[in-house]
Amino acid sequence: MRRPFALLAAALLVGALAVPASAADGDEDFTIKDPRITESSGLAASPQHPGIYWTHNDSNDGPYIYAVDSGTGETVARLTLTGVGTPRDVEAISVGPGNRIYVGDIGDNLGGSWPHVWIYELPEPKTLKDQTIRATQYVVKYSDGARDAESLVVHPKTGRVYIVDKNEQGGHLYDGPAELSASGTNVFRPVAAVPDLEATDATLSPDGEHLVVRSYFGAIAYDWNGGKIKRKERLGVPFLGQGESVTYTADGTRLMYGAEGADSSVEGQDAPGGSKSSSGSGGSAAPDGGNSGDGLSGNLKTGAIAVAVACVALLGLRGLRRRG
């Protein structure tokens, strides 16, 4: 009876391994089901709550951000921000060191007519439930004049905040002060060109080594290179409608893309060179013209293990038949 038992165990193991490797990590595709979220314009994976993604509406919603469970698509918390004025055009969200959430009220649909824009900072709550949290409001200006922007990232190691402006001819990466000041104006300065796309969102890998900037219909991956970004490759993105958001998963292995609209979808693709590690870091991006962003390395690895176990089971079955 020992061999039949081994065969049964192998079969059960094959079934277990057949589940996609990413399922437990909250990086599966999902649909945002909350009827209050009709203009999801930013996306950020929570490092503290596995499978949770923070998002917000574009405008006309109020001082709210939402925690969405990727396993169900349901909102598990709506945070109401106090200590800030009336949001004008919220376009981006990012989570920085110490589980601090940064919300970018940085949009300017009038082509750079606002004299300043705002960033809101608040602690990510340890318990996810509807609650009111006091945020810090920062006034932001650009050294080269007002502009529209929809992309904000926070470096996961230094906590420095960066903005990519939105321009049909391509924009620039702007860096803010080493520490934002709540008592004065924070001047952001251009440090690198971001050509060839109209940026609608951006994301930094959890190890701070890679930057991805997306537009409505594509994306470009960069090596961070200490903020002196180096272009690596152009990425294909899933067509979901008006593509407005992107974030690395908390483990850095995948990119999750989102769009505006009711019941909007969030779909993932393997990050360029993404590989899981205990530090949750992403790997190096492939050279320009390489990986299209549709890789299935994690699933292929799982499948290979499953096939190997199945072969072992088959060999065991053949042995039983020969003995019979």
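Here the structure is a predicted model, which means the values were calculated and not measured. (Residues numbered from 1 in each chain as written. Predicted model: local features only at pLDDT ≥ 70, side-chain atom pairs only at ≥ 80, totals over all residues. Heavy atoms only, no water.)

1. So, the pairing of strand 5 (residues 75-82)
Then step 1. Bridge count for strand 4 (residues 64-69) against strand 5 is 5 bridges, and the pairing is antiparallel. Of the residues in strand 5, the one forming a bridge with Ala67 is Ala77.
Then step 2. Here strand 4 hands over to strand 5 after 5 residues, with Gly73 in that stretch at a positive phi of 80°.
Then step 3. By the bridge criterion, 4 bridges tie strand 5 to strand 9 (residues 131-134) in an arrangement that is parallel. Residue Thr80 lies in a different strand from strand 9, and its bridge partner there is Thr132. (Pairing = 2+ DSSP bridges. Helix = DSSP H or I, 4+ residues; strand = E, 2+ residues; numbered from the N terminus.)

2. A few points about the environment of Asn99
Then step 1. Here Asn99 shows up in the loop between strand 6 (92-96) and strand 7 (100-105).
Then step 2. Note on Asn99: relative accessible area 25%, which makes it partly exposed.
Then step 3. Counting along the chain gives 51 residues from Asn99 to Gln48, while the straight-line C-alpha distance between them is 7.0 Å.
Then step 4. In this view, Asn99 contacts Pro47, Gln48, Leu122, Pro123 and Glu124; residues no more than four positions away in its chain are not counted. (Buried < 20%, exposed > 50% of the residue type's maximum accessible area, 1.4 Å probe, protein only. Contact = heavy atoms within 4.5 Å.)

3. With respect to the side chain of Glu121
Then step 1. Secondary-structure assignment places Glu121 in strand 8 (residues 117-123).
Then step 2. Taking the relative accessible area as the measure of exposure, Glu121 reaches 10% and is therefore buried.
Then step 3. Side chain to side chain, Glu121 and Tyr102 meet in a polar contact 3.3 Å long.
Then step 4. At 2.4 Å, the side chain of Glu121 and the side chain of Tyr138 are in polar contact.
Then step 5. Setting aside anything within four residues of it in sequence, one finds Glu121 in contact with Arg100, Ile101, Tyr102, Ala135, Thr136 and Tyr138. (Polar contact = N/O pair within 3.5 Å; in protein donor to acceptor, adjacent residues only side chain to side chain.)

4. Topic: the confidence of the model for the protein chain
Then step 1. When the pLDDT values of the protein chain are averaged, the result is 82; 76% of them are 70 or greater.
Then step 2. Contacts from residues 1-24, a stretch scored under 50 in pLDDT, to residues over four places away or in other chains number 29 contacts.
Then step 3. Within the model, the stretch residues 275-324 combines pLDDT values under 50 with 78 contacts to residues more than four positions away or in other chains. (pLDDT = per-residue confidence, 0-100.)

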